[in-house]
Amino acid sequence: MSLPRARAPGPPDATTARRPVDTDRRRGPGTGRRAAVVHRDGALAPGWRRAGRVLMQNGRMAQQWFTSDLHLGHRFVASLRGFDTVEEHDAAVLDGLRDTLSAGDTVWMLGDLSCGDTADEDRALDLLADVLTAAGATADLIAGNHDSCHPLHRGAHLRQRRYLEVFRSVQAYQKLRWEDQDVWLSHFPRPGRDHEGMESRYDELRLDVPRLIHGHLHSDAPDTGPGMVDVGVEAWGLRPVA
C-alpha cells in the first residue's frame with residue numbers, strides 16, 4: 001500500500017507572502033510558535049475559533065505541513081543543490097518556509113536542520129525562530145543524525161533545552177493518524193536504505209513499519225518505496241508539503 005501523495009503548496013498569496021522578521025529570537029522552553037494563537041490558559045487569540053480539533057481564522061483552516069533536511073549553513077549540501085554560496089541556499093530554503101506557513105499552522109520538521117556543528121546549529125535555530133515567529137506557526141521536530149538532540153548522540157540530553165526554545169516538541173519518532181491509518185514520522189527511511197552508493201547506517205534506530213514519512217535520503221522524487229514518502233526539500237522544490 002502506498003501512502004497518499006503529499007500535496008505541494010500553491011503559489012504564495014497575500015496571506016503567505018514574506019513577512020518581517022521578529023528580532024526577539026529567544027523564548028522560554030515549550031512556548032514554540034503556538035503562543036501567538038493559543039495562550040497558556042488555552043484561550044484563543046482574537047479572530048480564532050475551534051472546529052473540533054481544528055483551528056480556524058476567518059474561515060481558513062490551519063494547515064499541517066511536513067519538511068525535512070533543511071541543512072542550513074551546510075556548504076556541501078548547498079553545493080549539491082546547485083547554489084554558489086551557503087547564503088543563497090539558506091535564503092531559498094527559508095523563503096520556502098515563509099511563503100508557505102501562515103498563522104496557526106503546524107510544521108513537522110523531520111531532522112537535519114544544519115550540518116550539526118554547534119555554531120551552525122545555533123545559527124539555524126535562530127533563523128528558524130525568526131521565520132516561525134513571523135509566520136505565527138508551531139514547529140515540532142523529529143530529530144535527524146545531524147541534530148545534536150537526537151538520542152544517537154551521547155550529549156543529546158544536554159541540547160534538548162536549546163531546541164525547545166524553538167520547537168514545541170523534540171523527539172525521534174511520532175505516530176499520527178492519516179485517513180484512518182497509522183502513519184509514523186521518522187528522519188530515517190526503513191532499514192536498508194541510504195544515500196545512493198552508501199551502506200545503510202543507523203539501521204538499529206530505524207522503524208520497519210507499513211507507513212512511514214521520512215527524510216534523510218535527499219530524494220529527487222517523493223515516492224521511495226511501498227508505504228514511504230520522502231518529505232525532504234529536494235523532492236518538493238525546497239518547500240514544505242501538506
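Data block above holds the structure.
For clarity, every value in this text was computed on a predicted model and none was experimentally measured. (Residues numbered from 1 in each chain as written. Predicted model: local features only at pLDDT ≥ 70, side-chain atom pairs only at ≥ 80, totals over all residues. Heavy atoms only, no water.)

Novice: I'm lost on the overall build of the protein chain in this one. Help?
Specialist: Helix and strand content of the protein chain: four helices and twelve strands. Taken over 242 residues, the protein chain has a buried fraction of 52%. In the protein chain, of all internal contacts separated by at least 6 residues, the share reaching a separation of at least 24 is 65%. Surface exposure of the protein chain reaches about 11500 Å², of which carbon and sulfur atoms provide 51%. (Helix = DSSP H or I, 4+ residues; strand = E, 2+ residues; numbered from the N terminus. Buried < 20%, exposed > 50% of the residue type's maximum accessible area, 1.4 Å probe, protein only. Contact = heavy atoms within 4.5 Å. Areas by Shrake-Rupley, 256 points an atom, 1.4 Å probe, with all protein chains shown as cover.)

Novice: Honestly, the pattern of salt bridges in this entry has me stumped. Any pointers?
Specialist: A side chain of one charge can pair with a side chain of the opposite charge if their charged atoms are brought near each other. In total, this model carries eleven salt bridges according to the counting rule given. Across the pair arginine 159 and aspartate 122 runs a salt bridge whose closest N-O atoms are separated by 3.0 Å. With arginine 159 in helix 4 (residues 156–163) and aspartate 122 in helix 3 (residues 118–135), this pair connects stretches of sequence that are 37 residues apart. Connected through salt bridges with shared partners, the residues Glu121, Asp122, Asp126, Arg159, Arg162 and Glu165 form a single ionic network. (Salt bridge = Lys/Arg side-chain N within 4 Å of Asp/Glu carboxyl O.)

Novice: How should the environment of tyrosine 202 be read in this particular structure?
Specialist: Inspection of the secondary structure puts tyrosine 202 in the loop between strand 9 (181–186) and strand 10 (212–214). Judged by its relative accessible area of 25%, tyrosine 202 is partly exposed.

Novice: Looking at this structure, I do not really get helix 4. What am I missing?
Specialist: At 3.6 residues per turn, the α-helix brings residues three or four places apart onto the same side. Those residues of helix 4 lying buried are Ala156, Arg159, Arg162 and Tyr163. The arc enclosing the buried residues of helix 4, seen along the axis, measures out at 100 degrees, which places them on a common side. For helix 4, exposure combined with an orientation more than 90 degrees from the buried face picks out His157, Leu158 and Arg161. Buried residues along helix 4 sit in contact with helix 3, strand 6 (138–142) and strand 7 (169–171). (Arc of directions from axis to C-beta.)

Novice: Please clarify how the sheet that holds strand 12 (residues 228–230) should be interpreted in this entry.
Specialist: Backbone hydrogen bonds are what pair the strands of a sheet, in a parallel or an antiparallel way. If you walk across this open sheet you meet the five strands as 8-9-10-12-11, and the pairing is mixed. Sheet topology places strand 8 (173–178) and strand 11 (223–225) at the edges, where each strand pairs with a single neighbour. Taking the axes of each pair of neighbouring strands and ignoring which way they run, one obtains an average angle of 30 degrees across the sheet. Here six bridges tie strand 8 to strand 9, and the two strands are oriented antiparallel to one another. (Pairing = 2+ DSSP bridges. Axes fitted to C-alpha atoms, helices over the stretch in contact; angles between N-to-C directions.)

Novice: Explain the packing of helix 2 (residues 86–98) against helix 3 here, please?
Specialist: Describing two packed helices takes the angle between their axes plus the distance from one axis to the other. At a minimum axis separation of 10 Å, helix 2 and helix 3 run at an interaxial angle of 35 degrees. The handedness of the crossing between helix 2 and helix 3 is right-handed. Side by side, helix 2 and helix 3 meet where Asp90, Leu94, Leu97 and Arg98 of the first sit next to Arg123, Leu127, Leu128 and Val131 of the second. Tallied by class, the residues present in the contact of helix 2 with helix 3 amount to five nonpolar, no polar and three charged. (Left-handed = near helix turned anticlockwise from the far one by under 90°. Nonpolar A, V, L, I, M, F, W, Y, C, P; charged D, E, K, R; others polar.)

Novice: Explain the nonpolar core here, please?
Specialist: Across soluble globular proteins, you tend to see nonpolar side chains buried next to one another. Counting residues in each nonpolar core, the largest one holds 29 residues, and the members touching the most others are Leu70, Met109, Leu113, Leu128, Leu141 and Phe167. Listing elements by their share of this core, those giving two or more residues are helix 2, strand 5 (106–109), helix 3 and strand 6. When residues in this core are grouped by element, the largest group, seven residues, is from helix 3. When residues no more than four places from it in sequence are discounted, the contact partners of leucine 70 are Arg81, His89, Val93, Leu97, Met109, Gly111, Asp112, Leu113, Leu128 and Val233. (Core = buried A, V, L, I, M, F, W, Y, C linked by side-chain atoms within 4.5 Å.)

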